[in-house]
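Geometric and topological summary
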Amino acid sequence: KTTLAYHLFKPRLDNAFLVGIETINDAGNFYDTKVKAKDFASIQEELLINENVILDIGSSNVEQTLIEMRKYQGSHEDLDFFIIPVTPEVKQQIDSVNTAKFLIDLGIPTEKIKFVFNQVPLDSSADDLFNSLLTASKKLKLSSKIPVIYENEFFDNSEIKSGNLSLNELVANKDAIKASLREAKPEEKSLIIKKIGLS
């Protein structure tokens, strides 16, 4: 979830501001600021101050954030999309559907609610893995066109997980990374080779 927000969404928005909402996973260098789920006034402030804001809500804080949002009438109108990354585990799918239902009950238009199939094994069919979610999604009148993000060693890399290295940096500096291999010390070469492999 945080990896998607930082590596895929943030680079595609001009001057995007990434807000971490009190997540258990202390996401290293990812966030521009962190806010407690109960402090929705601060979240609202960030939405008003910054033009493009990405709220990365920790999975243990989704319910609390939505409860707080309900107290601020019309606050959901400041958000363009509600993206729910969901992994193949059955409990994850059930929780994700319940989150979508809560958002609909809050008055969020269904076209603003999007699922993303995340961490899908390369040798698996997303339609088969997420069959129950797709059925529920259809009943809720949510979009049937759901993007798929497959498992990739990129997401397991410690530099990527900590936010010390971004996908954009890897792609933009691929030639420079290759060139640095020639001058690197033996103990540095392994890390550089991993970077080349990721890019």
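Residues numbered from 1 in each chain as written. Predicted model: local features only at pLDDT ≥ 70, side-chain atom pairs only at ≥ 80, totals over all residues. Heavy atoms only, no water.

Remarks on the nonpolar core
In terms of nonpolar packing, the biggest core is built from 32 residues, with Phe-115, Phe-117 and Leu-133 touching the most fellow members. Among the secondary structure elements, those contributing two or more residues to this core are strand E1 (17-21), helix H2 (40-49), strand E3 (53-57), helix H3 (62-71), strand E4 (82-86), helix H4 (90-105), strand E5 (113-120) and helix H6 (131-139). When residues in this core are grouped by element, the largest group, four residues, is from E5. (Core = buried A, V, L, I, M, F, W, Y, C linked by side-chain atoms within 4.5 Å. Buried < 20%, exposed > 50% of the residue type's maximum accessible area, 1.4 Å probe, protein only. Helix = DSSP H or I, 4+ residues; strand = E, 2+ residues; numbered from the N terminus.)

Section: the pairing of E1
The buried fraction of E1 is high, at five of five residues. The side-chain alternation of E1 yields two buried faces, one formed by Phe-17, Val-19 and Ile-21 and the other by Leu-18 and Gly-20. Direction of pairing for E1 relative to E3: parallel, over a ladder of five bridges. Bridging across to E3, Ile-21 finds its partner in Ile-57. As defined by bridge partners, E1 adjoins strand E2 (residues 33-35) across three bridges and the pair is classed as parallel. From the neighbouring strand, Ile-21 faces E2, where its bridge partner is Val-35. (Pairing = 2+ DSSP bridges.)

As for the packing of H3 against H4
Where H3 meets H4, the closest approach of the two axes is 11 Å, and the angle between their N-to-C directions is 5°. Judged by the angle between their axes, H3 and H4 are roughly parallel. Where H3 abuts H4, its residues Val-62, Leu-66, Ile-67 and Arg-70 lie against Thr-99, Phe-102 and Leu-103. Residues of the contact of H3 with H4, tallied by class, amount to five nonpolar, one polar and one charged. (Axes fitted to C-alpha atoms, helices over the stretch in contact; angles between N-to-C directions. Parallel < 35°, antiparallel > 145°, perpendicular 65-115°, else oblique. Contact = heavy atoms within 4.5 Å. Nonpolar A, V, L, I, M, F, W, Y, C, P; charged D, E, K, R; others polar.)

Thoughts on the pattern of salt bridges
Under the criterion given, the structure shown has four salt bridges. We note a salt bridge from Asp-56 to Lys-1, for which the minimum N-O separation is 2.6 Å. One end of the pair, Asp-56, is in strand E3; the other, Lys-1, is in the segment before helix H1 (2-9), and 55 residues separate them in sequence. For Asp-56, a relative accessible area of 2% puts it in the buried group. With relative accessibility at 32%, the residue Lys-1 sits in the partly exposed group. One salt bridge connects Asp-95 with Lys-91, and the closest N-O pair in it is separated by 2.6 Å. With Asp-95 and Lys-91 both in helix H4, this residue pair falls four residues apart, about one helical turn. Taking the relative accessible area as the measure of exposure, Lys-91 reaches 58% and is therefore exposed. (Salt bridge = Lys/Arg side-chain N within 4 Å of Asp/Glu carboxyl O.)

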